[in-house]
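Fold and geometry: a report
In case you want the letters, here they are:
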Amino acid sequence: MATEAQPLGQDAAWLGKYDDVHMHVFGTPLRVLDHGQGMRVWDVDGNEYLDFLAGIAVNALGYAHPDWCEAVAQQAQRAAHVSNYFATKPQIELATKLIELTGAPQGSHVYFGNSGAEANEAALKMAKLYGATLQTDDACPYRILALTHGFHGRTMGALSATWKPAIRTPFEPLVPNIEFVEANDLDAMGAAFATDDGKGPVAAVIMELIQGEAGVLPLDAEYIRGVRALCDEHNALMIVDEVQTGMGRTGAWFAFQRDDLGGITPDIVTFAKGVAGGFPMGGMISFGEELSALFSPGTHGSTFAGNPLGAAAALATIGVIEREGLVAQANERGEQLRTGIMATDNPLFASVRGRGLLNAIVLTRPCAHASVGWALDHGLIINAPSPTVLRLAPPLIASEQDINEAIGILALMPNDLATE
Ligand SMILES: *Cc1c(COP(=O)(O)O)cnc(C)c1O
């Protein structure tokens, strides 16, 4: 276990060059990474890190998994890309597999994109077409409901449903008739459905079941079931954004499948991040024939949609997750991680929350930024979604020993780091 701050040499020089030529939207990166293997990644100075962020819940199989590398290399030699005037076997196999994993009914269809934001753009466009079928009075336009603290992406449509004012309001006006409703408050959601005061029908509710970017905030099972019931009652679509929670991360293939929800069925599921184990891919699944039929030739599209390299990467990722039982394992490791963190009795840690391998530590002091830096200096990669929250989203391949190693580093995190 690395416990000493590690020296930086080439890193500093590369970071200077980075700042010179990159748009400053991400701030200065923490390190310049060179290569990885499994749970570990090395920077350009040769320092080693245990990666408990996985490219923000993306690298489900860690770095350079042999099955993933083999699948991508083989597909690269066959065809890296074809236009959507043509199809490829991997995309067909992948769409079939995703419908199977979600348990979506016969007649459900997949649209592939390249990111989480694009997945939600597609879902919102479908919701708008659906809304138009509900609207009876043009003076009372249909509405889409989103939740406070929700995050759905940075493109104009997805941003319109993204709550955080600091990242949304500079770009207003955005897509109209999207309303924010207090998360986890079923009365507020019920009230939002009311169509008095010239308010049109609700076309859709878009929500995460664990609000990842907000700091891994889980919504109550009762609330989620209640939203489903309200959507049923009012003929509204329930769009579940599984971009961060999907593909096994929370101990079920998708978070909507968790036991205590009693088998709810969404109308649209969006996915991205972990789906292709590091290859940029996202998409959405519309449940059932009738809804899916709202998209017809020309309604939507993207040059890279269904890209065969991405599809091959996704099939390899899903194959390993299935063969190695990583969904069930995410539950066990998550339990081990949460229990182990609290057992450190580190006074900096107020509580832990999360499911499977999507977890957060709530800090007793607003020093999350400094904590991330300290962890990095001690060989552990994590991040800080807010000043009092640390997020841990390791690859699904994390072993018992990897979890213990991370806990060992976290146990030493000092209680006097700089606050924000
Ligand atoms: C990351 C994320 C997105 C956006 O995905 P991008 O690939 O960054 O566009 C959307 N929704 C959720 C829940 C996410 O966590």
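Residues numbered from 1 in each chain as written. Predicted model: local features only at pLDDT ≥ 70, side-chain atom pairs only at ≥ 80, totals over all residues.

Re the nonpolar core
Rules: A set of buried residues drawn from Ala, Val, Leu, Ile, Met, Phe, Trp, Tyr and Cys, joined through C-beta atoms within 7 Å, is what defines a nonpolar core. Using C-beta atoms placed from the backbone, we call a residue buried if 20 or more other C-beta atoms fall within 10 Å of its own, exposed if 12 or fewer do, and partly exposed for counts in between. For the purposes of this entry, the term helix denotes a DSSP run of H or I that reaches at least four residues, the term strand denotes a run of E that reaches at least two, and both are numbered from the N terminus. Where each domain begins and ends follows an automated or database-derived domain assignment. A pair of residues counts as a contact when their C-beta atoms, built from backbone coordinates, are separated by no more than 7 Å.
In this structure, Ala 123, Ala 127, Ala 204, Val 205, Leu 237, Ile 239 and Ala 313 are the most contacted members of the largest nonpolar core, which totals 120 residues. No other element matches the 10 residues that helix α11 (residues 308-323) contributes to this core. Composition of this core by domain shows at least three residues from each of domain 1 (10-64 + 325-411) and domain 2 (68-323). With near-sequence residues (within four places) excluded, Ala 123 lies in contact with Ile 206, Ile 239, Ile 268, Thr 270 and Met 284.

Comments concerning the UniProt feature "binding site: pyridoxal 5'-phosphate" (unreviewed entry) in the chain
For clarity, the cut-off: UniProt positions are given in the numbering used here, feature names are shortened, and annotations may be inferred rather than shown by experiment.
The UniProt record marks Gly 116, Ala 117, Phe 151, Asp 241, Glu 242, Val 243, Gln 244 and Thr 303 with the feature "binding site: pyridoxal 5'-phosphate" (unreviewed entry), using the residue numbering of this structure. With the annotated positions falling across 188 residues, the maximum pairwise C-alpha distance of 25.2 Å shows that they are not confined to a single cluster. Summarising the element assignment, Gln 244 is placed in the loop between β10 (237-241) and β11 (268-271). The buried category is assigned to Gln 244, around which 28 C-beta atoms lie within 10 Å. When neighbours within four sequence positions are excluded, Gln 244 is seen to be in contact with Ala 57, Glu 208, Gly 212, Lys 273 and Leu 358. The class of Thr 303 is exposed, set by 9 C-beta atoms lying within 10 Å.

Section: the pairing of β10
Applicable threshold: In short, DSSP must find at least two bridges between two strands for them to pair.
For β10, a buried count of 5 out of 5 residues is recorded, marking the element as mostly surrounded by other parts of the structure. The side-chain alternation of β10 yields two buried faces, one formed by Leu 237, Ile 239 and Asp 241 and the other by Met 238 and Val 240. Where strand β7 (residues 202-207) lies against β10, 4 bridges are found, and the strand directions are parallel. Bridged to Ala 204 within β10 is Leu 237. Here 3 bridges tie β10 to β11, and the two strands are oriented parallel to one another.

Examining the UniProt feature "modified residue: N6-(pyridoxal phosphate)lysine" (unreviewed entry) in the chain
Sites flagged by UniProt as "modified residue: N6-(pyridoxal phosphate)lysine" (unreviewed entry) map to Lys 273. Summarising the element assignment, Lys 273 is placed in the loop between β11 and β12 (282-286). Residue class for Lys 273 comes out buried when judged on the 29 C-beta atoms lying within 10 Å of it. Excluding residues that lie within four positions of it along the chain, Lys 273 makes contacts with Ile 56, Ala 57, Val 58, Gly 116, Val 243 and Gln 244.

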